[in-house]
Amino acid sequence: MLKLFACAGAAALLAAAAPAADKPNDAQIAHIAYTAGTLDIEAGKQALAKSHNKAVRDFASEMVRDHTAVNDKALALVKKLGVTPQDNPTSAGLKSAADKKRDELAKLSGAAFDKAYVQNEVAYHRTVNGALKDVLIPSAQNGELKSLLQTGLTLFSEHQQHAEHLAAGLK
Amino acid sequence: MTKGRVAALALLAIVAPLSSGAAAARLHVVTIDRMAFGPMPANVRAGDTILWVNHDMFQHSATARDQSFDVDLAPGKSARTVVRKAGLIPFFCKYHPGMKGAITIAK
């Protein structure tokens, strides 16, 4: 399932890149980055509602806090640049995969939930970081957007490591 | 009293108030931005204060590996720690452990 999710993310990215002259434009990139953040905030809120494990709750709080900070900054930037984020197949792919995962996680509880949530966070951050590094950052035209995405990549790489560390401890 | 001793005492008289005064007033700034600690201040001594200034949009911390200090830094906020121990003190952000640095503290 995790592999499938990662593949779905990658496939969706390719689908987005194909029609729009090989690579996504800034309006699409902003939409993808914002959507990716929002989905992880929702996952974090679900974990805070369901988990009783302190380490998992601390991680989830960090996800909500950090991704909210980046998204607030992204919103302020698109407003300043006069860019309207544009929905696209990549954002839609991320969202449908996350919706499915949220429904799956909703059926779990206790240690099973914790493990599945954290494993998905590892996979999710890996997918998003791959997209940022290989597609979104190289494609971004605006310097401020590129810089925000780069800070995002540094942050999300930290999250990925944190999730991996946490996953190892939950086994 | 020999000339040497007089000179030494005179020197002490000058240095002592200067050094104690300087030690009391010494404040060093370390900034944090874009998921990284900025350059480390030079000439930090035990008893000095570090002002950690978080210019980033994220919550960070400055946490010494030897637990001699641990401050939380909300986005856009700053906090002070007094460094008590001499030596090379490695520190990191407990929320984003890939962010790290080390500060040299003289006696």
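So, here is what we can say about the structure in this document. (Residues numbered from 1 in each chain as written. Chains lettered and ligands numbered in written order. Predicted model: local features only at pLDDT ≥ 70, side-chain atom pairs only at ≥ 80, totals over all residues.)

### Some thoughts on the overall build of chain B
In step 1: Of the regular secondary structure elements, chain B holds 1 helix and 9 strands.
In step 2: In chain B, the succession of helices and strands from N to C terminus is α-β-β-β-β-β-β-β-β-β.
In step 3: The buried share among the 107 residues of chain B stands at 22%.
In step 4: Within chain B, contacts between residues at least 6 apart in sequence are counted, and of these 42% link residues at least 24 apart. (Helix = DSSP H or I, 4+ residues; strand = E, 2+ residues; numbered from the N terminus. Buried ≥ 20, exposed ≤ 12 C-beta atoms within 10 Å, placed from the backbone. Contact = placed C-beta atoms within 7 Å.)

### A closer look at the interface of chain A and chain B
In step 1: Facing the 11 residues of chain A at the interface are 9 residues of chain B.
In step 2: The set of elements that each furnish at least two residues to the side of chain A that touches chain B consists of helix H3 (54-81) and helix H6 (143-170) of chain A.
In step 3: In terms of residue count, the dominant contributor to the side of chain A that touches chain B is H3 of chain A (6 residues).
In step 4: Of the residues assigned to the side of chain A that touches chain B, the class counts are 3 nonpolar, 3 polar and 5 charged. (Nonpolar A, V, L, I, M, F, W, Y, C, P; charged D, E, K, R; others polar.)

### Here's the deal with unusual backbone geometry
Residues and elements named next belong to chain B.
In step 1: You will see that Asn43, though not glycine, has its phi angle at about 60°, which is positive.
In step 2: By C-beta crowding, Asn43 is classed as exposed, having 11 other C-beta atoms within 10 Å.
In step 3: Although it is not a glycine, Gln67 sits at a positive phi angle of roughly 65°.
In step 4: Turning to its location among the elements, Gln67 is positioned in the loop between strand E5 (60-64) and strand E6 (70-73).

### Notes on the pairing of strand E9 (residues 100-106) of chain B
Successive residues of a regular strand alternate their side chains across the two faces of the sheet.
All names here are of chain B.
In step 1: Here 2 bridges tie strand E3 (residues 44-45) to E9, and the two strands are oriented parallel to one another. Each bridged residue has a counterpart across the sheet, and for Val44 the counterpart in E9 is Ile105.
In step 2: Judged from the 6 bridges that link them, strand E8 (residues 87-92) and E9 form a sheet pairing that is antiparallel. What sits directly across from Leu88, in E9, is Thr104. (Pairing = 2+ DSSP bridges.)

### Some remarks on the nonpolar core
In step 1: In this structure, Ile29, Ala33, Val56, Leu136 and Leu149 of chain A are the most contacted members of the largest nonpolar core, which totals 54 residues.
In step 2: The set of elements that each furnish at least two residues to this core consists of helix H2 (26-50), H3, helix H4 (89-106), helix H5 (110-139) and H6 of chain A together with strand E1 (27-33) and strand E4 (49-54) of chain B.
In step 3: Counting residues per element, this core draws most heavily on H5 of chain A, at 11 residues.
In step 4: If sequence neighbours within four positions are ignored, Leu136 of chain A has contacts with Ile29, Ile32, Ala33, Ala131 and Leu149 of chain A. (Core = buried A, V, L, I, M, F, W, Y, C linked by C-beta atoms within 7 Å.)

### A word on the packing of H2 of chain A against H5 of chain A
Residues and elements named next belong to chain A.
In step 1: Where H2 contacts H5, the axes come no closer than 11 Å and their chain directions differ by 170°. By the angle between their directions, the pair H2 and H5 is classed as roughly antiparallel. On the side of H2, the interface is formed by Ile29, Ile32, Ala33, Ala36, Asp40, Ala47 and Lys50, while H5 contributes Phe113, Tyr117, Tyr124, Val128, Leu136 and Ser139.
In step 2: Of the residues in the contact of H2 with H5, the class split is 10 nonpolar, 1 polar and 2 charged. (Axes fitted to C-alpha atoms, helices over the stretch in contact; angles between N-to-C directions. Parallel < 35°, antiparallel > 145°, perpendicular 65-115°, else oblique.)

### Some points on the sheet that holds E9 of chain B
All names here are of chain B.
In step 1: Across the sheet, which stays open at both edges, the 5 strands sit in the order E3-E9-E8-E5-E6 with mixed pairing between neighbours. Two strands lie at the open edges of the sheet, namely E3 and E6, each paired on one side alone.
In step 2: Across 4 bridges, the pairing between E5 and E6 is antiparallel. The residue of E6 that forms the bridge with Ala62 is Val71.

### Thoughts on the pairing of E1 of chain B
Residues and elements named next belong to chain B.
In step 1: Bridge count for E1 against E4 is 6 bridges, and the pairing is parallel. By the bridge assignment, His28 is partnered in E4 with Ile50.
In step 2: Both E1 and strand E2 (residues 36-37) contribute to a ladder of 2 bridges, which runs antiparallel. When the bridges of E2 are listed, Ile32 appears paired with Phe37.
In step 3: Counting the residues between successive antiparallel strands, the hairpin from E1 to E2 contains 2 residues, one of them, Arg34, with a positive phi of roughly 45°.

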